[in-house]
Amino acid sequence: MTNLLKRLALPGLVLCAGAGIYLALQATKPVPEEKGAELRGTAVFVTPAVAEVAQLTVETQGNVRPRFSAELVAQVSGRVVSVSPEFIEGGRFLPEEPLLSIEDTDFVLALDEAKARLAGAQVELEQALADADVARKQLAGQSNPSPLALKKPQVAQARASLKAAEAALSLAQTNLERTRLSLPFAGRIASTEVDLGQFVTAGTRVGTAFGTDRVEVRLPMTDSQLAALGVPIGFSAGDSEDGFPVDFSARVAGETHHWTGWVRRLDAFIDPTTRTVFATAEVDKPYDAGGAASDMPLAIGLFVDARIAGRMVEDAIRIPAAGLRAGDQVYVLNKEGRLEIRDASVVYLNSEGAILEDGVLAGEMIVTSAIRNAIPGMKLELISDSEEQPVGDESFLGQKG
């Protein structure tokens, strides 16, 4: 019986001992130090705002067109008897160089006839003056002789006949000169419509040409681009001024070429369709060697990009383009590591950066990273000063379009 009780009590004693040891361990275990939960800030890139004197530029595009262009029109009728070797598409010519000649036989004869009539009119005038002198002497003793008796109407008629003969001679000379077609400027032939031996009548168009001394580029400008130049609508550069320098560029024959020109004037009106103002830039000697770095001419009809150097802005604040948010807002990392959302007054903007009038001070850290659900005062964490995103060039080029 005793042995049975011992066997039954032994497991109970073991369980009690284990429970006691567990309770002792629980009572003596170290208590972990409690710490407050620490929230990490949003990691961002930043770039400091820079104060500088900035030169603004306007970026726009336009087509090259000739400063002078003309249609060659026959002013007299006749058969084409000679054609200049340069009277072909692309041919070049000098001022007053004959391009086309019309048969002049009839006009030479007309000139000779006009000269003969002029000589006869001069003789008639001399005769009328002589008769008037005789009549005046014969009627010297008479009182109030009539003009007819003094041969005055005859003299007037002779003078009128002489003037008519002189006019006929001038017209004959002019018609003879018109048998040689030329232009008052140097240029290139754009098209031809007649050839040797063809008969043309007065008013027939025989070709078209354009001048090569100077070309123009019409450049549309928005209101903000106009502000970049700092000149009023209707601006015109004087004879002593070159205007605003322009760098033209275009890709031709697989390469990018550059030409230098000047904005000489602005239109005096706003285009009612596009609500833009057009500027006119000029390039001198566009077809001469050396017009571009690779001697590529600035050809008529070429579509070019234009960068116009505008006015200077003192005490400008420049920030990277990525630092400007929708609605002209700027995210600033303050000294406490918190986010400030500010409204900025943006003057000019392009892919390189933005120029601000106010809203940001020089040296403040501009957030250039994307932030979802940005809230003023939220904690930010700078990723790395060495990974700052580039701001752009030393001088700002561009505008808010």
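Placed above this text is the structure.
**Q** Help me understand the pattern of salt bridges in this model?
**A** Two side chains with opposite charge may pair up if their charged atoms get near one another. This structure, assessed with the given rule, holds 20 salt bridges. With its nearest N and O atoms 2.6 Å apart, the salt bridge here joins Arg307 to Glu59. Taken together, the residues span a long stretch of sequence, with Arg307 in strand S16 (residues 303–319) and Glu59 in strand S3 (residues 50–66) at a distance of 248 residues. Exposure remark for Arg307: the relative accessible area of 30% places this residue in the partly exposed category. Residue Arg342 pairs with Glu340 through a salt bridge whose shortest N-O separation is 2.7 Å. If you follow the salt bridges from partner to partner, you end up with Arg65, Arg67, Arg214, Glu216, Arg264, Arg265, Glu282 and Asp284 in one network.

**Q** What should I look at first to understand the sheet that holds strand S4 (residues 69–73) in this one?
**A** Strand pairs in the sheet, formed through backbone hydrogen bonds, run parallel or antiparallel to each other. In space, the 4 strands of this open sheet follow the order S4-S11-S9-S6, with antiparallel pairing throughout. The open sheet has two edge strands, S4 and strand S6 (92–93), and neither has a second partner. Of the pairings in the sheet, the one linking S6 to strand S9 (residues 187–192) comprises 2 bridges and is antiparallel in character. Along S9, the bridge assignment pairs Phe93 with Gly187.

**Q** How should helix H2 (residues 105–138) be read in this particular structure?
**A** Each full turn of the α-helix corresponds to 3.6 residues, which orients residues three or four apart in the same direction. Spanning 34 residues, H2 covers 50 Å between terminal C-alpha atoms, matching the ideal 50 Å at 1.5 Å per step. Turning to H2, its buried residues number three or more, namely Phe107, Leu111, Ala114, Leu118, Ala121, Leu125, Ala128, Ala132 and Ala135. For H2, the elements touching its buried residues are helix H3 (152–177).

**Q** Even after reading the chapter, I still don't get the packing of aromatic side chains, so can you show me in this structure?
**A** Aromatic rings in a pair are described by how distant their centres are and how their planes are angled relative to each other. Taken as a whole and judged by the stated rule, the model has 4 aromatic pairs. On the basis of an interplanar angle of 20° and a centroid distance of 5.9 Å, the ring pair of Phe68 and Phe185 is categorised as stacked. Taken together, the residues Phe68 in the loop between S3 and S4 and Phe185 in the loop between strand S8 (180–181) and S9 connect sequence positions 117 residues apart. We classify Phe68 as partly exposed; its relative accessible area is 42%. Note on Phe210 and Tyr287: the rings are 6.2 Å apart at their centroids and 40° apart in plane angle, and the pair reads as tilted. One end of the pair, Phe210, is in strand S11 (residues 205–211); the other, Tyr287, is in the loop between strand S15 (277–284) and S16, and 77 residues separate them in sequence. Overall, the relative accessible area of 13% leaves Phe210 in the buried class. Every member of this aromatic cluster is reached through a ring pair, and the members are Phe68, Phe93 and Phe185. Sitting above the plane of the Phe68 ring, Arg67 keeps its charged end 5.0 Å from the centroid.

**Q** Can you walk me through H3 in this structure?
**A** For H3, spanning 26 residues, the distance from its first C-alpha to its last is 38 Å, which sits close to the expected 38 Å at 1.5 Å a residue. Here H3 has its buried residues at Val155, Ala158, Leu162, Ala165, Leu169, Ala172 and Asn175. Tucked into the core, H3 has its buried residues touching H2.

**Q** Help me understand the sheet that holds strand S5 (residues 78–83), please; the structure alone is not making it clear to me.
**A** With antiparallel pairing, 4 strands are arranged side by side in an open sheet as S8-S7-S5-S10. Each having just a single partner strand, S8 and strand S10 (199–200) make up the two edges of the open sheet.

**Q** Before we go on, may I ask you to explain the pairing of strand S21 (residues 354–358) in this structure?
**A** Two faces, one strand: in a regular strand the side chains alternate between the faces of the sheet. Pairing of S16 with S21 involves 3 bridges; the strand directions are antiparallel. Paired with Ile319 across the strands is Ala354, a residue of S21. Pairing of strand S20 (residues 345–349) with S21 involves 4 bridges; the strand directions are antiparallel. Paired with Ser345 across the two strands is Asp358, which belongs to S21. Hairpin connection, S20 to S21: the antiparallel pair is bridged by 4 residues.

**Q** What is the right way to look at the environment of Ser182 in this model?
**A** Topologically, Ser182 is positioned in the loop between S8 and S9. Ser182 sits 82 residues away from Leu100 along the chain, and the two C-alpha atoms are 7.4 Å apart. In contact with Ser182, other than residues within four places in its own chain, are Leu72, Glu96, Glu97 and Pro98. At 3.4 Å, the side chain of Ser182 and the side chain of Glu96 are in polar contact.

**Q** How should I be thinking about the packing of H2 against H3 in this particular structure?
**A** Packed helices, taken two at a time, are described by the angle between their axes plus the distance between the axes. Contact geometry for H2 and H3: axes closest at 8 Å, N-to-C directions at 165°. With respect to each other, H2 and H3 are oriented roughly antiparallel. In the crossing of H2 with H3, the sense of the turn from one axis to the other is left-handed.

About the cut-offs
Residues numbered from 1 in each chain as written. Predicted model: local features only at pLDDT ≥ 70, side-chain atom pairs only at ≥ 80, totals over all residues. Heavy atoms only, no water. Salt bridge = Lys/Arg side-chain N within 4 Å of Asp/Glu carboxyl O. Helix = DSSP H or I, 4+ residues; strand = E, 2+ residues; numbered from the N terminus. Buried < 20%, exposed > 50% of the residue type's maximum accessible area, 1.4 Å probe, protein only. Pairing = 2+ DSSP bridges. Expected span 1.5 Å × (residues − 1). Contact = heavy atoms within 4.5 Å. Phe/Tyr/Trp six-rings, centres within 6.5 Å; stacked < 30°, edge-to-face > 60°. Lys NZ or Arg CZ within 6 Å of the ring centre and 35° of its normal. Polar contact = N/O pair within 3.5 Å; in protein donor to acceptor, adjacent residues only side chain to side chain. Axes fitted to C-alpha atoms, helices over the stretch in contact; angles between N-to-C directions. Parallel < 35°, antiparallel > 145°, perpendicular 65-115°, else oblique. Left-handed = near helix turned anticlockwise from the far one by under 90°.

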